[in-house]
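Structure at a glance
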Amino acid sequence: MSSRLMCLVAMLAVCGCIDESEDARHSVSPGERVPAFDVVDDSGRRWTADSLLGHVSLLAFFDTQCPDCQHELPVLQTVYDAHRVADDLSLLCISRAQLADEIAPFWAAHGLTMPYSAQADRAVYETFTDEGIPFVVIARPDGVIYSTYTWLAMPDSAQLSADVNAAGGM
């Protein structure tokens, strides 16, 4: 009976830690400004919160080894392709601690052409969220976040395009 009691105490201690970390979780939310960040994409272009001003923007955090990201990245490519002709969207995929030599083969194998920024750590990701990947942020031209999506309920390309269009009309 004593070992059962010890197991119960250990389980409660672990649950307490999980609850504490969940309380500490954060994500940017609609109505907030895009936080300051500074990254360079695979073509050498520098992206900052200020460089997004004047355009509807979509930022997506990912890792190519994540099954949900593997599903969502082609959806993002569809949105990128749909808005590229009109040049009405700035879209950037930002890795969560994954380097270019891991990302580039995935991009090539899946025919992805949208820009990405390889990050060696989680610093930029944690500026926006710590709630998992994929994580998508759509911002209005004034730098205010219009919508966010987490891995729990990722939208299809029609919903993302509708958000991009709505964010541009605000």
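The notes below deal with the structure included here. Just so you know, these numbers come straight off a predicted model, no measurement behind them. (Residues numbered from 1 in each chain as written. Predicted model: local features only at pLDDT ≥ 70, side-chain atom pairs only at ≥ 80, totals over all residues. Heavy atoms only, no water.)

Residues Phe37, Leu58, Cys93, Trp107 and Phe128 are the most contacted members of the largest nonpolar core, which totals 45 residues. Sequence-distant contacts of Phe37, defined by excluding residues within four places in its chain, comprise Trp47, Thr48, Ala49, Leu52, Leu59, Ile94, Val124 and Phe128. (Core = buried A, V, L, I, M, F, W, Y, C linked by side-chain atoms within 4.5 Å. Buried < 20%, exposed > 50% of the residue type's maximum accessible area, 1.4 Å probe, protein only. Contact = heavy atoms within 4.5 Å.)

Here we come to unusual backbone geometry. In this chain, Ile133 is followed by Pro134 through a cis amide linkage whose omega measures -5 degrees. You can see Pro134 is positioned in the loop between α4 (123–128) and β6 (135–139). Positive phi, normally seen in glycine, also occurs at Ala97, with a value near 60 degrees. Take Ala97: it is sitting in the loop between β4 (89–95) and α3 (100–109). On the accessibility criterion, Ala97 (34% relative accessible area) is partly exposed. (Helix = DSSP H or I, 4+ residues; strand = E, 2+ residues; numbered from the N terminus.)

This paragraph deals with the sheet that holds strand β7 (residues 145–149). The strand order across the open sheet formed by five strands is β5-β4-β3-β6-β7, and the pairing between neighbours is mixed. The open sheet terminates on both sides in strands that have one partner only, identified here as β5 (116–117) and β7. Pairing analysis gives two bridges linking β4 to β5, with the strands arranged parallel. Considered in β5, the bridge of Cys93 is made with Tyr116. Those strands touched by helix α5 (residues 157–168) are β3 (56–62), β4, β6 and β7, and its axis lies near 165 degrees from that of β7. (Pairing = 2+ DSSP bridges. Axes fitted to C-alpha atoms, helices over the stretch in contact; angles between N-to-C directions.)

Most of β3 is tucked away: seven of the seven residues are buried. Where burial is concerned, the two faces of β3 agree: the one with Val56, Leu58, Ala60 and Phe62 and the one with Ser57, Leu59 and Phe61 are both buried. Each parallel crossover has a hand, and the one from β3 via helix α2 (residues 67–84) to β4 is right-handed. The sheet contact formed by β3 and β6 spans five bridges and is antiparallel. From the neighbouring strand, Phe61 faces β6, where its bridge partner is Phe135. (Right-handed = clockwise from strand over helix to strand, strands pointing away.)

This next bit is on the packing of aromatic side chains. This structure, assessed with the given rule, holds seven aromatic pairs. Here Phe62 and Trp107 contribute two aromatic rings whose centre-to-centre distance is 5.2 Å and whose plane-to-plane angle is 40 degrees, an arrangement assigned as tilted. Here Phe62, found in strand β3, pairs with Trp107, found in helix α3; they are 45 residues apart in sequence, far enough to count as distant. The class for Trp107 is buried, based on a relative accessible area of 4%. (Phe/Tyr/Trp six-rings, centres within 6.5 Å; stacked < 30°, edge-to-face > 60°.)

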